[in-house]
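Chains, contacts and geometry: an overview
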Amino acid sequence: LYLLLIISLHYMLVIADSAADPAAINFIKSSCRATRYPALCVRCLSSYAAKIQQSEKQLAQIALAVSLARAQSTAAFVSKMTKVSGMKPREYQALRDCVDNMGDTVDQLTRSIRELGRTGQAAGQSFIWHMSNVQTWVSAALTDENTCVDGFAGHVMDGNVKAAIRSRVVSVAQVTSNALALVNQFVARHRSHQAATVLPEVQV
């Protein structure tokens, strides 16, 4: 199941559109305004406009897939860094902690994508339950990423290791933050739509 998920995500992210529908691009730009890093959001997602179209669910799903892909790449990089010789003891410990943090991030984002895919035709409390899980796990992934960066705080940690790790993990944290904002927006708009479809009571 995990392998099938990874293969489907790879397929989703590899196929980029060369002549995207302007309406889809505008939808992405408009949606990205709700994120903390809107320019990054548009840059990361506009290549997938043909897949996203004007679907808030697809937008959130692909944003999470982009975040997962970056998290996996960064987790592999951090793991390799632990094998570099001549490192300060505190740097090595921070790296080991970061390996755990990034491993958790990959797991939480994977679970989030799988859970979002389960919403299907879910409505009402069923939809809210699934999406609450997604929000919880993406938030936890973001916390783990920030914890990794915090592990290298202080001047005593300054150096090439800190610079290399920080730049990559901060990049992952930014796309994860954007993905969370788009997930939250999807939930909020779904709730608004549900509320709007409830007919008011007829006064007799």
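This write-up is about the structure you can find in this document. Predicted, not measured: the structure shown is a model, and the values here were computed from it. Residue positions are given per chain, counting from 1 as you read along its sequence in written order. Residue-level local features of this predicted model are given only where pLDDT is at least 70; pairs of side-chain atoms are given and counted only at 80 or more, and the full residue set underlies all totals for whole chains, interfaces and linings. Each side-chain value is worked out from all heavy atoms of the structure, with water and hydrogens disregarded.

This paragraph deals with the overall build of the protein chain. Each helix and strand counted, the protein chain has eight helices and zero strands in total. Mapped from its N terminus to its C terminus, the protein chain presents α and β elements in the order α-α-α-α-α-α-α-α. Contacts between residues were defined by any pair of non-hydrogen atoms, one from each residue, lying within 4.5 Å. Looking at the protein chain alone, contacts between residues at least 24 apart form 76% of all its contacts between residues at least 6 apart. Numbering of helices and strands runs from the N terminus, with a helix taken as a DSSP run of H or I at least four residues long and a strand as a DSSP run of E at least two residues long.

Mapped onto the secondary structure, glutamate 145 falls in helix α7 (residues 124–150). Arginine 70 provides the closest opposite charge to the buried, unpaired glutamate 145, separated from it by 10 Å. In contact with glutamate 145, other than residues within four places in its own chain, are Met102, Thr105, Leu109, Val169, Val172, Ala173 and Thr176. Burial classification: accessible surface area is computed with a 1.4 Å probe over protein chains only, and a residue below 20% of its type maximum counts as buried, one above 50% as exposed, and the rest as partly exposed. Only four residue types enter the charge count: Lys and Arg as positive, Asp and Glu as negative, with His and the chain ends excluded. By definition, a salt bridge exists where a carboxyl oxygen of Asp or Glu is found within 4 Å of a side-chain nitrogen of Lys or Arg.

This part takes up the pattern of salt bridges. Within the structure shown, the criterion is met by three salt bridges. One salt bridge in this structure joins arginine 189 and glutamate 56, with 2.8 Å as the shortest N-O distance. Highlighted residues: arginine 189 in helix α8 (residues 160–196) and glutamate 56 in helix α5 (residues 56–81), separated in sequence by 133 residues. Residue glutamate 56 is classed as partly exposed on the basis of its relative accessible area, which comes to 22%. For arginine 111, the salt bridge identified is with aspartate 107, shortest N-O distance 3.9 Å. On the criterion of helical spacing, the pair formed by arginine 111 and aspartate 107 is a turn pair, its members being four residues apart in helix α6 (residues 89–117).

This part covers the state of the cysteines. Note that a disulfide, as used here, is simply two cysteine sulfur atoms within 2.5 Å. With the rule as written, the count across this model stands at two disulfides. The residue that forms a disulfide with cysteine 32 is cysteine 41, at a sulfur-sulfur distance of 1.9 Å. When the S-S torsion is -65°, as for the bridge of cysteine 32 with cysteine 41, the disulfide is left-handed. On the basis of relative accessibility, which here comes to 0%, the residue cysteine 32 falls in the buried class.

Looking now at the packing of α5 against α6. Running from N to C, α5 and α6 cross one another at 160°; their axes reach a closest spacing of 9 Å. Taken as axis vectors, α5 and α6 run roughly antiparallel relative to one another. Considering how the two elements wind past one another, α5 and α6 form a crossing that is left-handed. Polar here means any residue outside two lists: the nonpolar Ala, Val, Leu, Ile, Met, Phe, Trp, Tyr, Cys and Pro, and the charged Asp, Glu, Lys and Arg; Gly therefore counts as polar. Here the contact of α5 with α6 is composed, by residue class, of 16 nonpolar, nine polar and one charged. Lines fitted to the C-alpha atoms define the axes, with helices restricted to the stretch that makes contact. Angles between their N-to-C directions range from 0 to 180 degrees. If an angle is under 35 degrees, it is roughly parallel; if it is over 145, roughly antiparallel; if it lies from 65 to 115, roughly perpendicular; otherwise it is oblique. Put simply, a crossing is left-handed when the front helix is turned counterclockwise from the back one by less than a right angle, and right-handed when it is turned clockwise.

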